[in-house]
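Report on the structure
What follows is the residue order along each chain.
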Amino acid sequence: LLKKNTFTSEKVGVAVNKSFVSIDVDAEKGEGISLSKKYEVKAHPLTLIINPEGKVVKRILGYRTDAQLLSELKGLLK
């Protein structure tokens, strides 16, 4: 639902694209397996905000509506 509803929201797209580089990783395939281990992914869906140094600055576990996601990211958005 995050992909289908939240991440396709125009409000989310505009706000997130100004502040972040977004990637979608399947934690069960390919490079996603090692990234999942590195960032200790234990449940899905999980949104990670990772700084340029590779440190997780925000973990958002579970589904969020567009308004909820933007609210949680408020202090991190430009």
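Going by the structure above, here's the rest.
Here goes a summary of the coordinates provided. (Residues numbered from 1 in each chain as written. Predicted model: local features only at pLDDT ≥ 70, side-chain atom pairs only at ≥ 80, totals over all residues. Heavy atoms only, no water.)

The nonpolar side chains of a soluble globular protein tend to be buried with one another. Of all hydrophobic cores here, the largest spans nine residues; its members are V12, A15, V16, F20, I49, I60, L69, L70 and L73. Broken down by secondary-structure element, the contributors of at least two residues to this core are α2 (10-19) and α4 (66-73). Setting aside anything within four residues of it in sequence, one finds L70 in contact with K11, V12, A15 and L77. (Core = buried A, V, L, I, M, F, W, Y, C linked by side-chain atoms within 4.5 Å. Buried < 20%, exposed > 50% of the residue type's maximum accessible area, 1.4 Å probe, protein only. Helix = DSSP H or I, 4+ residues; strand = E, 2+ residues; numbered from the N terminus. Contact = heavy atoms within 4.5 Å.)

Counted by the stated rule, this structure contains two salt bridges. Here D24 makes a salt bridge to K3, at a shortest N to O gap of 2.9 Å. A residue pair is termed long-range when its members are at least 10 positions apart, and D24 in the loop between α2 and α3 (31-38) and K3 in helix α1 (residues 2-6) qualify at 21 residues. Notably, a salt bridge pairs E72 with R64, separated by 2.3 Å at the nearest N-O pair. A residue is classified by how much of its surface remains accessible, and E72, at 27% relative accessible area, is partly exposed. The exposure class of R64 is buried, given its relative accessible area of 17%. (Salt bridge = Lys/Arg side-chain N within 4 Å of Asp/Glu carboxyl O.)

With that settled, the discussion passes to the pairing of strand β2 (residues 56-61). Remember that side chains alternate between the two faces of the sheet whenever the strand is regular. Pairing analysis gives five bridges linking strand β1 (residues 46-50) to β2, with the strands arranged antiparallel. When the sheet's bridge partners are listed, I50 is paired in β2 with V56. The turn joining β1 and β2, which pair antiparallel and follow one another in sequence, is formed by five residues; a positive phi near 90 degrees is taken by G54. (Pairing = 2+ DSSP bridges.)

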